[in-house]
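Notes for the structure review
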Amino acid sequence: MKLRRLLALFLFFGLAFCAGYVTLRPYRGFSGEAFVDIRRGASTLEIASDLASAGVVRSEWPFLLLRLIHPRSVLKAGEYRFDRPVSPLAVYHKILAGDVFYFAVTIPEGYNMFDIAETVSRTGVISREAFLAEARRGERIAAFAQGAPTLEGFLFPDTYRLTRHSTAEQLVGQMLRRFRDVFLELQGAAPSATRNVLEVVTLASLVEKETAVPSERPLAASVFRNRLRLGMPLQCDPTVIYALQIAGRYGGQIHKEDLALVSPYNTYARAGLPPGPIANPGRASLAAALSPAQTDYLYFVADGQGGHIFSKTFDSHSKAVASYVRGARRRASENGKPQ
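Structural notes, computed from the coordinates. (Residues numbered from 1 in each chain as written. Predicted model: local features only at pLDDT ≥ 70, side-chain atom pairs only at ≥ 80, totals over all residues. Heavy atoms only, no water.)

Mapped onto the elements of the fold, Asp315 is located in helix H12 (residues 314–334). A C-alpha to C-alpha distance of 18 Å links Asp315 and Phe224, two positions 91 residues apart in sequence. (Helix = DSSP H or I, 4+ residues; strand = E, 2+ residues; numbered from the N terminus.)

With that settled, consider the packing of helix H7 (residues 168–189) against helix H11 (residues 283–290). Describing two packed helices takes the angle between their axes plus the distance from one axis to the other. Closest axis-to-axis distance for the H7/H11 pair is 10 Å, and the angle between their directions is 40 degrees. In terms of axis orientation, H7 runs oblique to H11. As for the relative orientation of H7 and H11, their crossing is right-handed in sense. Contact residues: Arg178, Phe179, Val182, Phe183, Glu185, Leu186 and Gln187 in H7; Arg283, Leu286, Ala287 and Leu290 in H11. Of the residues that constitute the contact of H7 with H11, the class distribution is seven nonpolar, one polar and three charged. (Axes fitted to C-alpha atoms, helices over the stretch in contact; angles between N-to-C directions. Parallel < 35°, antiparallel > 145°, perpendicular 65-115°, else oblique. Left-handed = near helix turned anticlockwise from the far one by under 90°. Contact = heavy atoms within 4.5 Å. Nonpolar A, V, L, I, M, F, W, Y, C, P; charged D, E, K, R; others polar.)

Of all hydrophobic cores here, the largest spans 59 residues; its most connected members are Phe131, Phe154, Leu155 and Leu286. Among the secondary structure elements, those contributing two or more residues to this core are helix H5 (113–121), helix H6 (128–135), strand S4 (159–162), H7, helix H8 (197–210), helix H9 (217–230), helix H10 (237–247) and H11. Ranked by the residues each element gives to this core, the list is headed by H7, at nine residues. Beyond its immediate sequence surroundings of up to four residues, Leu286 is in contact with Phe156, Phe179, Val182, Phe183, Leu186, Val200, Val201, Ala204 and Pro281. Grouped together as the second largest cluster of nonpolar side chains are 18 residues, Phe30, Ile47, Leu75 and Ile95 included. (Core = buried A, V, L, I, M, F, W, Y, C linked by side-chain atoms within 4.5 Å. Buried < 20%, exposed > 50% of the residue type's maximum accessible area, 1.4 Å probe, protein only.)

Attention now goes to the packing of aromatic side chains. Taken as a whole and judged by the stated rule, the model has 13 aromatic pairs. Look at Phe114 and Tyr242: their rings are 6.2 Å apart centre to centre, the planes differ by 50 degrees, and that puts the pair in the tilted class. Here Tyr242 lies in helix H10 and Phe114 lies in helix H5, a separation of 128 residues in the sequence. Each member of the pair, Phe114 as well as Tyr242, is classed as buried. Look at Phe144 and Phe183: their rings are 5.9 Å apart centre to centre, the planes differ by 80 degrees, and that puts the pair in the edge-to-face class. Taken together, the positions of Phe144 in the loop between H6 and S4 and Phe183 in helix H7 put the pair 39 residues apart, joining distant regions of the chain. Here the aromatic cluster, defined as three or more aromatic residues joined through ring pairs, consists of Phe144, Phe154, Phe179 and Phe183. In this structure, Lys94 is placed above the aromatic ring of Phe82, and the distance from its NZ or CZ to the ring centre is 5.7 Å. (Phe/Tyr/Trp six-rings, centres within 6.5 Å; stacked < 30°, edge-to-face > 60°. Lys NZ or Arg CZ within 6 Å of the ring centre and 35° of its normal.)

With that out of the way, let us pick up helix H2 (residues 44–53). Residue pairs three or four apart in sequence face the same way in an α-helix, which turns once every 3.6 residues. Those residues of H2 that sit buried are Thr44, Ile47, Ala48 and Leu51. An end-on view of H2 places all buried positions within 95 degrees of arc, on one side of the element. Those residues of H2 that are exposed and aimed more than 90 degrees away from the buried face are Leu45 and Ser53. Trailing H2 by a residue or two, Gly55 shows a phi angle of about 80 degrees, which is positive. (Arc of directions from axis to C-beta.)

Moving on, we get to the pairing of strand S5 (residues 299–302). Pairing between S5 and strand S6 (residues 308–311): four bridges, direction antiparallel. For Val301, the partnering residue across the bridge sits in S6 and is Ile309. Between S5 and S6, which pair antiparallel one after the other, the connecting turn spans five residues, and Gly304 there sits at a positive phi close to 80 degrees. (Pairing = 2+ DSSP bridges.)

See the structure below:
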């Protein structure tokens, strides 16, 4: 009886040692990196087989053994990346935690769809052309913002996750959903705001491009609102830049002749708001467009320090412009640049 117990103990510890050895020993049967895509609803045997086929584990049975030990654990679907030797136990925990592989893409506030397309294309997952084709499908936002010519303005700036299989349609869908969530939240906090979503977002895009100072955004929005009310042209330089980009003519600077460019987006040559947004505004600019400050300002110009000087009259504005020009010349002289 004692001998049987000793043999049983010996067998138990022997099996435990073997199990521990094979589940804890790192293995790499691939070169470079390996990707394993676990489909939703896959069985443990299918997962183990896929891992073994990819060279992530030596064979199926160590993974199956771990599953037998943890029968109630939930293995997560998704694509997993392996780039170094790893033990079956580490593989199991990686899938248990849902540590899927993805590219994190951050879209800054104020990027237009051309900027976003360039950023996304650098991941190698979605091409510039594919993203722009999807971003031009204004009908995708029609139920929320009637009349939007494209999805410009509704591609909310944030950080998004892309897998190697992500499509432009999927990414744009995420951005639109994020926009709706943020906009409805802000709109709920500003019950007296206009209900015309396209108008609000277009105004917000101008505010976004004109100033990066949070406290100035409601003031900039008030200037545009006041000008619209009086029938004055908005004369917003970023709209000219956007018109040039659409025409494929923007070279990094605005020239005097560009102010006469025939385009519905050129607010020097055309009164009123552009037909749609010129960039994708963030939360602060959307809030400013929904609730502009109550002012009599009609003008603003850069102060040379990163902010702006706001004026009620053209005379005051002219003095502010002259001050800015003198300061710019002084700074250029101090830096040794030609004036």
